[in-house]
Amino acid sequence: MLDQAEPAERNSADGDSVPDRLVTTAIALYGQRGCHAVSARQIQREAGVLNEAAVRYYFGNKQGLLDACVARIAQWHGRLADEAWAEVDAIEAEGRLKVSHVVTALVLSLHGLLQRHERAVWLLARLIREEGEVGQDLLLRHMGPLIWRMEAQLAALLPHKSARALRLHVFLAINSVVNGMVDQTLLWRLPDTAVSERRYTLDEATLAEGFIEYVSAGLQAPSAL
């Protein structure tokens with residue numbers, strides 16, 4: 001039974017219902033610490049939820065909560081991806097679409113997600129690296145449309161590349177962007193290329209362009225597959 005001190009429902013328009021708070025808090029904690037390092041009790045406490053059975057009540061278990069987290073991230077990213085791909089679709093309609101345009105949509109949408117919900121991108125990276133089949137299946141279920149969207153457009157742009165090679169290269173492209181954005185702090189610890197006493201730095205626009213150049217080149221590279 002729900003704790004009477006904890007409201008079961010709030011106006012969904014304010015995005016502050018108990019399930020909303022649990023999901024957004026879980027994304028932040030899972031992204032920062034990892035899914036196995038965070039308990040349901042910690043999530044509830046950080047979310048300001050008094051009922052100790054709230055995760056079980058709303059999501060069944062931690063796995064159900066993680067599913068809801070990935071669904072929320074996919075929703076956040078979906079809005080940004082739709083905006084980014086609207087420009088791609090317009091360029092495609094004009095007959096001047098290039099691989100770099102598709103990659104730009106990928107990079108800008110994920111970079112936009114990083115700026116708005118940093119820990120969400122961290123959680124995506126953790127799902128790839130740390131959660132095995134369970135995490136990867138969640139990513140495919142909720143983020144799969146992004147993969148198929150990219151793959152379809154790139155297949156038309158790269159007719160010489162086999163379907164097997166293209167799928168591998170699309171996976172590597174997405175993986176490189178997600179993990180590269182999360183791991184970029186390592187880049188800032190490297191010495192500057194000109195002055196050894198300084199740290200290496202790039203503005204965000206130049207960093208994004210670097211991702212686009214690197215990933216575009218990889219997608220267009222010949223393949224033995």
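Please refer to the structure higher up on the page.
The shown structure was predicted, so the numbers you read here are calculated from the model rather than taken from an experiment. As a convention, each chain's residues are numbered from 1 in the sequence order in which they are written. Local features in this predicted model are restricted to residues of pLDDT 70 or higher, and side-chain atom pairs are both shown and tallied only at a pLDDT of 80 or more, whereas totals for entire chains, interfaces and linings draw on every residue. Excluding hydrogens and water, the side-chain figures rest on all heavy atoms present in the structure.

Peer 1: Please provide a residue-by-residue account of the overall build of the protein chain, values included.
Peer 2: In DSSP terms, a helix is any run of H or I states spanning at least four residues, a strand is any run of E spanning at least two, and both are numbered starting from the N terminus. Counting its regular elements, the protein chain contains ten helices and zero strands. Each principal axis of the C-alpha atoms in the protein chain carries an extent, and together these give about 60 × 50 × 35 Å. Every one of the 225 residues in the protein chain was classed for burial, and the buried ones make up 42%. Considering only intrachain contacts with a sequence separation of at least 6, the fraction spanning at least 24 residues in the protein chain is 68%. Accessible surface computed for the protein chain: about 12300 Å², of which carbon and sulfur atoms make up 53%. Computing the positive centroid from 23 side-chain charges and the negative centroid from 28, the protein chain places the two 4 Å apart. The buried label goes to any residue with under 20% of its type's maximum accessible area, the exposed label to any with over 50%, and the partly exposed label to all in between, with areas taken from a 1.4 Å probe on protein chains only. By definition, residues are in contact when any of their heavy atoms lie within 4.5 Å. In this description, accessible areas are obtained by the Shrake-Rupley approach with a 1.4 Å probe, and a residue is regarded as covered only by the protein chains that are shown. A residue counts as positive if it is Lys or Arg and as negative if it is Asp or Glu; His and the chain ends are not included. A charged residue contributes its charge at one atom only: NZ of Lys, CZ of Arg, CG of Asp or CD of Glu.

Peer 1: Quick rundown of a nonpolar patch on the surface? Include the residues and the values.
Peer 2: Like-charged residues are merged into a patch within 9 Å and nonpolar side chains (Val, Leu, Ile, Met, Phe, Trp, Tyr) within 5 Å, provided each residue has over 30% relative accessible area and no salt bridge. Whenever Lys or Arg places a side-chain nitrogen within 4 Å of a carboxyl oxygen from Asp or Glu, that contact is recorded as a salt bridge. Taken together, the side chains of Leu168, Phe171, Leu172 and Leu225 present a nonpolar region at the surface, about 370 Å² in accessible area. Relative to the helices and strands, Phe171 is located in helix H8 (residues 163–182). What makes Phe171 partly exposed here is its relative accessible area of 48%.

Peer 1: Tell me about helix H5 (residues 99–116), and name the residues and values.
Peer 2: Here the expected length of a helix is defined as 1.5 Å per residue gap, with one fewer gap than residues. A rise of 1.5 Å per residue sets the reference length of H5, with its 18 residues, at 26 Å; its end C-alpha atoms lie 26 Å apart and thus fit the reference within 8%. Packed against the buried residues of H5 are helix H4 (62–93), helix H6 (118–130), helix H7 (132–157), H8, helix H9 (184–187) and helix H10 (204–220).

Peer 1: Can you tell me about the nonpolar core, naming the residues and giving the values?
Peer 2: In this structure, Leu22, Tyr30, Leu65, Trp85 and Met150 are the most contacted members of the largest nonpolar core, which totals 67 residues. For this core, the element with the most residues is H4, which contributes 14 residues. Setting aside residues no more than four positions away along its own chain, Leu22 makes contact with Ile43, Gln44, Ala47, Val49, Ala54, Val55, Tyr58, Phe59 and Leu65. Nonpolar core, defined: a set of buried Ala, Val, Leu, Ile, Met, Phe, Trp, Tyr and Cys residues in which side-chain atoms within 4.5 Å join the residues together.

Peer 1: Lay out the packing of aromatic side chains in plain terms, naming residues and giving numbers.
Peer 2: In this scheme Phe, Tyr and Trp rings, the latter by its six-membered ring, pair at centre separations within 6.5 Å, and the angle between planes marks the pair as stacked below 30 degrees, edge-to-face above 60, and tilted otherwise. Under the criterion given, the structure shown has three aromatic pairs. With a centroid separation of 4.9 Å and 85° between ring planes, the pair formed by Tyr57 and Tyr58 is classed as edge-to-face. Residue classification places Tyr57 among the exposed residues on the basis of a relative accessible area of 51%. Ring centres of Trp188 and Tyr200 lie 6.4 Å apart, and the angle between their planes is 15°; on these two criteria the pair is classed as stacked. Of this pair, Trp188 sits in the loop between H9 and H10 while Tyr200 sits in the loop between H9 and H10, and the two are twelve residues apart along the sequence. Assessed through its relative accessible area of 24%, Trp188 is described here as partly exposed. An aromatic cluster is built from Tyr57, Tyr58 and Phe59, whose rings are joined through pairwise contacts. Just above the ring of Trp122 sits the side chain of Arg119; from NZ or CZ to the centre is 4.2 Å. Consider the ring centre and the ring normal. A charge sits over the ring if Lys NZ or Arg CZ is within 6 Å of that centre and within 35 degrees of that normal.

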